[in-house]
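Spelled out from the first residue to the last, the chains are:
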Number of protein chains: 4
Amino acid sequence: MSVLRFLTAGESHGPTLLGVLEGIPAGLALSEQDINQELARRQRGYGRGGRMQIEKDGVRILSGVRWGQTLGSPIGIEVTNRDWENWQENMAIAAPEQNAKSVAVTRPRPGHADLAGMLKYRTGDARNILERASARETDMRVAVGAVARRLLAHFGIEIYSHVIRIGKVKAIQVPSDLRELRERAEASPVHCADVDASRKMMDSIDAVQVVGDSLGGVFQVVVHPVPAGLGSHVHWDRRLDGCLAQALMSVPAIKAVEIGLGREVAERHGSQVHDEIFFDQEGRERDDAFLWRDQRWLTAGGFYRRTNRAGGIEGGMTNGSPIVVQATMKPIPTLREPLFSVDIEDLRPTAAGVERSDVCAVPSAAVVGEAMVAWVVASAFMEKFGGDSLPEIAARYEEHLLSLCPQAEIQ
Amino acid sequence: MSVLRFLTAGESHGPTLLGVLEGIPAGLALSEQDINQELARRQRGYGRGGRMQIEKDGVRILSGVRWGQTLGSPIGIEVTNRDWENWQENMAIAAPEQNAKSVAVTRPRPGHADLAGMLKYRTGDARNILERASARETDMRVAVGAVARRLLAHFGIEIYSHVIRIGKVKAIQVPSDLRELRERAEASPVHCADVDASRKMMDSIDAVQVVGDSLGGVFQVVVHPVPAGLGSHVHWDRRLDGCLAQALMSVPAIKAVEIGLGREVAERHGSQVHDEIFFDQEGRERDDAFLWRDQRWLTAGGFYRRTNRAGGIEGGMTNGSPIVVQATMKPIPTLREPLFSVDIEDLRPTAAGVERSDVCAVPSAAVVGEAMVAWVVASAFMEKFGGDSLPEIAARYEEHLLSLCPQAEIQ
Amino acid sequence: MSVLRFLTAGESHGPTLLGVLEGIPAGLALSEQDINQELARRQRGYGRGGRMQIEKDGVRILSGVRWGQTLGSPIGIEVTNRDWENWQENMAIAAPEQNAKSVAVTRPRPGHADLAGMLKYRTGDARNILERASARETDMRVAVGAVARRLLAHFGIEIYSHVIRIGKVKAIQVPSDLRELRERAEASPVHCADVDASRKMMDSIDAVQVVGDSLGGVFQVVVHPVPAGLGSHVHWDRRLDGCLAQALMSVPAIKAVEIGLGREVAERHGSQVHDEIFFDQEGRERDDAFLWRDQRWLTAGGFYRRTNRAGGIEGGMTNGSPIVVQATMKPIPTLREPLFSVDIEDLRPTAAGVERSDVCAVPSAAVVGEAMVAWVVASAFMEKFGGDSLPEIAARYEEHLLSLCPQAEIQ
Amino acid sequence: MSVLRFLTAGESHGPTLLGVLEGIPAGLALSEQDINQELARRQRGYGRGGRMQIEKDGVRILSGVRWGQTLGSPIGIEVTNRDWENWQENMAIAAPEQNAKSVAVTRPRPGHADLAGMLKYRTGDARNILERASARETDMRVAVGAVARRLLAHFGIEIYSHVIRIGKVKAIQVPSDLRELRERAEASPVHCADVDASRKMMDSIDAVQVVGDSLGGVFQVVVHPVPAGLGSHVHWDRRLDGCLAQALMSVPAIKAVEIGLGREVAERHGSQVHDEIFFDQEGRERDDAFLWRDQRWLTAGGFYRRTNRAGGIEGGMTNGSPIVVQATMKPIPTLREPLFSVDIEDLRPTAAGVERSDVCAVPSAAVVGEAMVAWVVASAFMEKFGGDSLPEIAARYEEHLLSLCPQAEIQ
């Protein structure tokens, strides 16, 4: 079985969301707060509707952690639905009384799982599908990703995201320093590191709201520093690029995933696409303590690149440069002016049902994207380093970083 | 374990490529010719170098098939390397004689697995990495995909591909009829269904060859007809869009994967992105025999769309419209004017090593992409239908198609 | 990924046990009561200590079920620990106040996970291991198994168990009729279908209790009726016998698993080990309705055996005879007269720690064994039949049963 | 996905057996001879029929190894069938000429996969089943296991087996020294370490041969030294005892698996079942070099047991004592006096078909059992240590062994 595994459960308006996360080593400091702060990040964002307020519950960790540290046993996480009392009849677990009246959702919404799900699972009530296909499912992914992220953070591996496009507005002035990028993106209501573009994005969200339409966009996730050697070229399903693509494309509404230059590689000549390899000769005289502070050495042991068109991945493996991935989110399908649909009861044309009302969810999706990337990188990390406790893994990690420096053998 | 599984093995210049494919039901007609014709398709393409000729071996099926039909047992496939005699010393399996001289490849090539692989697997000889990270690895993927494709073809599900961009040249005049699209793409030396664009693509390949550079591009894979209800929304790793993205991004040199409109969804308003739902009322009066011939009914039981911006997937499931995915391939990294690298022996700057010399491999990559898509769709098909023999699955498939037509319950 | 999956979480004295169960089709009637009755069965049994009373909480289903029917989405199950308030300090999730005093368990108990777990996970406190390695972990397995069992029951497949040995006392008079066997076993305080042996088993439990020792035993699990064709011979990890053995041996304290005659096959000549094959010629004249009532026809379509030494499995597949497996449980390792151990703090000899005080848990283990068998058989069932909703699977199941009758083709 | 994976392919009388083994780290010395010597061990054994001579081909390694060392890429292994020319018509891969006459095997043999397989895969020719369900399938398991074994041997972990029962004859005088045990077992024609019992076993094989019957038996597999901490208690499918049980029970004809005392634990009181824990105080004064030579220290760091009733596994994990497992094999089902069966063509009673003629295959099964145990232990080893190259894993392994010694922290 996989080294790391998780399952989540929970309907959008059901009593509880659950997650069970298995394979995290013992000895990792982990608190509910670590998870809640990621959930809070997902719930922000200009252009989100009122439901966000209701969702603002925090998690409860139910197992796998004792006295603030992981045990190595499965970590159970729960998010209670504060609005459950309004839904407990419609979403009752138990079979209803005989005279209970059911109000089936029979008008599938284009762009949602509704119709395909009704045909697959053979139900006449779209609620049986949409409750699980809801964006709220990603809440628990963020919680699971928060744990993966804590593991990576212990080894100094950090994950950033920022929105680079909403509708027709693109971010242009993006700081190259990652910490600055993060600060600016976190400060922006649309999670965008370009202040000007942020303002224009909000304007276009406002404009679209007026006409009852919705907007998509593009976000980028960056992992840095990340050591060379995660993933593998030896079999298709061990390649890190493939795993990242699966994880990001599995986020609802994502329709494109790019790594590094992404689609732009199609336009360039080969000489403008690859990242030439250099070696930092001077680093050989530096003292060890310095090496650890210098990210370049940390991640590829003296080898470095002056460009990162590959997005940090060559041959399905990390090469020590930052992992850079982009995902494109489609506009939310529920519109104030609903799209055409068909009522499944009488098969006549009708307006699609309406369930919620965000205009733009790209900033939230970026946080979900971070979580999925954290999960994939943590999985590759655990496959590379194995182990059951943090001290054990720390020793292995240090040994790996030292092994990346070939000069040891040369001098 | 998964319903369908495969493993491949083999170094590019080793004696043999192997594949073992497990989970294919009994009773499927399968011949070596079925596989060879797909391999031959991969080996064509304007802009490929001389090695293609050497590779033109066919497969041998070694197990899992008897008297032209699958047995349900694992299918073993072998492709022998005709050039092995020239490599048997350099790539010897056995430990060499004491005075054998090794000629290690010590100049890792940017854009390849070389350096990341050397750091990961701790070898000073890039050959130990590049032999497996070679494009030739995809040969066996095509073979495995050919078997998956045969399974799907038995149920009328077909897979097409065509190149829609090479360098700066885009295909514009693409036929909407899929069979015509296929015919034209197959007839084009660059696998492009637009005759004009084909010519321009060849011109740009010629031009780039003169300057010693290389070109990437974009291809599209289409699956049609495909029934609604493959994949699922219930857990991230059951979503078909994610699985397709993984499979395509795992093809060497692919840097972007898009589904349906792909990255274009970021620019459009929501009202221009989703596919409204209609129902074919008239179809209800048609006779059954007709229904089966009408693809619209076949795949979503009377529900249909007038657009396919979603690329046939909503909520991680097929919705009955054609699956449409796009992948972007970077230019081949080996250039006549080699890029900068570092010699791993002395850590001094050097020119990158040169292993082969194609200018553009996008047409071949499209065929590999088809194979990966075939694999993913066949896996989802087998998860939906289960079963161990074709007659059994055929009955289930027919029942599923009938279930998609809700009017049966209404009349 | 596998068709059916589950993960559980929860420490023995933590706040909650959790289970997430994924892959169950839509449309299955499922209630908390279905699960609670299995949990209650596990908690009975002569020779259990006082903790059982505390454990008598019921489950709460948190997701995957609506209005009494499964949705096809993951099923979340929770068992709250009623005794949590007494443990919330010792088992606190959050990091403690600075002056909190920890009382580490430092005397690992022979026969438990304690020492191996401490060495593996590098902890000096055995509580960090024993809380998860507790028998209470099996509570959630029983809950998960109860869902699998409901699925199988929908198709008439039932699972029985009975204790056939405790200490030196063996069951001898066991009814051959399975329903009678079940009734008697359920009525027995030691879950044994032989009334005389039941009494002797209780006597020996009493006797052992007096001397402060403990007893193990053997239980049998039977699945009947079960159709031919579950599992497979084609790859080692598809063989049903192997999967059953894993599942049963993974139950804490199980040290032997046998199928059919089990170890006795070593003593017999081949002519006394295999089950000759017969065909019910007369059945060919019977009407269909009758066939369905006659289990023999149901499960192997007219082929039958006069013996079942194979325990219903040949070549890793069900052959239509009842699946019969046996598991041997060791005596509980915690004894009133504790065994020798070593205090991990000072490495000096000491008496092993004492955590609880059952004398014999074989009747409970039988119920856990049923759950694991239910899980494995349901997994094989879903691999054979696939599908996402009960009506769909029902049609496939019926078709399979009909396919087992070869006379259709002959007449 | 799992850290280690393998798939095998091949029909008994097909052209070739194939295996692909994935996940083995780079840098392991591996030769065809390493594998052939294990295959040769499987093919010995008193009571085997004539087919063994035909099978005496060796393997060819086709990939994953270069200059005598693994590359980290998938290892492909092939065993060619020397007798293929006699079978190439009956077992042809390609569809036959129209007038080719098929000779279907229509009399399923009791105790084999034949009938269950025919019903599952819906074939009227038992050959389509029996060719894969043949004992020859285990040949490739032995080859795969030989690679796993090489990996373990690199770390000093060795695997032994010996036959402890054939029919009614039990081994009694078994040396406690494992190397002596191995030498004696290897020298015995029935792979039994008790010279007297060996002779009696051969006598009983001779006697049974005279009457045309067959014999089963019991073998034991031992792994030693093996470090504490492989496997886990945290989830059912991570428990090493369960994985061992699956692997052994999946060997054709195995009907019982026991760990340590196995079924005998049912008879004993708890005080006679568990292995008390001791610590070697004197070892603390010994010098490091000595510690490494002393297996007791090596595997559990000073903690030791005076008994090994648990068979080296507590809580699903290795505890540092030798792993001891037993498997019981049923007598070969093909008898000179064939059992009753039914002809599938006319459904009339008939004698079962006859395919081969060994009297007793327990010595061979022991070698297959070793291979499966090697696979499971190597998988657990790789999950514990991770890593991609031997030097990397060696550093981790050494660090783990040192961590087992708690006195470092005490002094």
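So, how was this worked out
- Residues numbered from 1 in each chain as written.
- Chains lettered and ligands numbered in written order.
- Predicted model: local features only at pLDDT ≥ 70, side-chain atom pairs only at ≥ 80, totals over all residues.
- Heavy atoms only, no water.
- Helix = DSSP H or I, 4+ residues; strand = E, 2+ residues; numbered from the N terminus.
- Rg over C-alpha atoms; globule rule 2.2 N^0.38 Å.
- Buried < 20%, exposed > 50% of the residue type's maximum accessible area, 1.4 Å probe, protein only.
- Contact = heavy atoms within 4.5 Å.
- Areas by Shrake-Rupley, 256 points an atom, 1.4 Å probe, with all protein chains shown as cover.
- Least-squares fit on C-alpha atoms with pLDDT ≥ 70 in both.
- pLDDT = per-residue confidence, 0-100.
- Pairing = 2+ DSSP bridges.
- Buried area = accessible area lost by both parts, 1.4 Å probe.
- Salt bridge = Lys/Arg side-chain N within 4 Å of Asp/Glu carboxyl O.
- Polar contact = N/O pair within 3.5 Å; in protein donor to acceptor, adjacent residues only side chain to side chain.
- Disulfide = S-S within 2.5 Å.
- Expected span 1.5 Å × (residues − 1).
- Arc of directions from axis to C-beta.
- Nonpolar A, V, L, I, M, F, W, Y, C, P; charged D, E, K, R; others polar.

Regarding the overall build of chain A
Within chain A one finds 14 helices and 17 strands. Whereas a compact globule of 411 residues would reach a radius of gyration of roughly 22 Å, chain A reaches 23 Å, a difference of no more than 12%. Taking the principal axes of the C-alpha coordinates as reference, chain A spans close to 85 × 50 × 40 Å. Evaluated residue by residue, chain A yields a buried proportion of 70% over its 411 residues. When contacts within chain A are restricted to residue pairs at least 6 apart in sequence, long-range pairs at least 24 apart make up 72% of them. About 13200 Å² of surface is accessible on chain A, with carbon and sulfur atoms providing 48% of the total.

Thoughts on the relation of the copies chain B and chain C
What connects the two chain copies is a rotation about an axis and a shift along it. Turning chain B through 180° and shifting it by 0.0 Å along the axis lays it on chain C, with an RMSD of 0.0 Å. In symmetry terms, the pair is related by a two-fold rotation axis. Minimal C-alpha distance to the rotation axis in chain B is attained by G386(B), lying at 2.1 Å. Looking at chain B, 100% of its interface residues are interface residues in chain C too, so the copies touch through the same face.

Observations regarding the confidence of the model for chain A
Predicted coordinates in regions of low pLDDT should not be interpreted in detail. Residues and elements named next belong to chain A. Model confidence for chain A is summarised by a mean pLDDT of 91, while 90% of its residues fall at 70 or above. Note that residues 284-293 has pLDDT below 50 and, in this model, 16 contacts with residues that lie over four places away or in other chains. For this predicted complex, the interface score ipTM comes out at 0.95, alongside a pTM of 0.96.

Some thoughts on the pairing of strand β6 (residues 75-80) of chain C
All names here are of chain C. Summarising burial for β6: five of the six residues are buried, a large majority. Here strand β3 (residues 59-63) runs beside β6; their pairing, made up of four bridges, is antiparallel. Pairing of S63 across the sheet is with G76, part of β6.

Some words on the interface of chain B and chain A
In this complex, chain B contributes 108 residues to the contact, which on the side of chain A involves 108 residues. Between chain B and chain A lies a buried interface of about 8900 Å² when both sides are counted; carbon and sulfur atoms form 62% of it. For chain B, the biggest contributors to the area lost against chain A are W236(B), K255(B) and L347(B); these three give 9% of the whole. Across the chain B-chain A interface, the total number found is six salt bridges. The closest approach of N and O atoms between R165(B) and E267(A), which form a salt bridge, is 3.9 Å. There are 45 residue pairs in polar contact (both at pLDDT 80 or more) connecting chain B and chain A.

Some thoughts on the state of the cysteines
One pass over the structure, following the stated rule, counts zero disulfides over all chains. The closest cysteine sulfur to the non-disulfide-bonded C192(B) is located on C360(B), 11 Å from its own sulfur. Counting only cysteine sulfurs, C243(A) is the nearest neighbor of C243(B), a cysteine outside any disulfide, at a range of 11 Å.

Brief notes about the relation of the copies chain B and chain A
Mapping chain B onto chain A calls for a rotation angle of 180° and an axial translation of 0.0 Å; the resulting RMSD is 0.0 Å. Mapped onto chain A, 100% of the interface residues of chain B again fall at the interface, so both copies present the same surface.

A closer look at helix α8 (residues 195-211) of chain A
All names here are of chain A. Here α8 spans 25 Å end to end across 17 residues, near enough to the 24 Å set by a 1.5 Å rise per residue. Listed as buried for α8 are A197, S198, M201, M202, S204, I205 and V208. Down the axis of α8, the buried side of the element spans an arc of 165°, and every buried residue falls inside it. Of the residues in α8, the exposed ones pointing more than 90 degrees away from the buried face are V195, K200 and V210. Those residues of α8 that are buried lie in contact with β7 (158-166) and β8 (169-170). Structurally, the start of α8 carries an N-cap: the backbone nitrogen of D196 is 3.0 Å from a side-chain oxygen of D194. Positive backbone phi, at 75°, marks G212, one or two positions downstream of α8.

Here we look at the interface of chain B and chain C
With 25 residues of chain B at the contact, the number on the chain C side is 25 residues. Counting across the chain B and chain C interface gives eight salt bridges. Run the count over chain B and chain C and you get 18 residue pairs in polar contact (both at pLDDT 80 or more). Contributions of two or more residues to the side of chain B that touches chain C are made by α12 (362-385) and α13 (390-403) of chain B. If one sorts the elements of the side of chain B that touches chain C by residue count, α13(B) sits on top with five residues. Of the residues contributing to the side of chain B that touches chain C, the split by class is six nonpolar, nine polar and ten charged.

A word on the pattern of salt bridges
This structure, assessed with the given rule, holds 128 salt bridges over all chains. Between R238(A) and E383(A) there is a salt bridge whose closest N-O contact spans 3.9 Å. Taken as a pair, R238(A) in the loop between β9 (217-224) and α9 (240-249) and E383(A) in helix α12 (residues 362-385) lie far apart in primary sequence, 145 residues in all. Given a relative accessible area of 24%, E383(A) falls into the partly exposed group. Residue E258(A) is joined to R263(B) by a salt bridge in which the shortest nitrogen-to-oxygen separation is 2.7 Å. Of the two residues, E258(A) sits in strand β10 (residues 254-259) while R263(B) sits in the loop between β10 (254-259) and β11 (278-279), which places them in two different chains. Owing to a relative accessible area of 1%, E258(A) belongs among the buried residues under this scheme.

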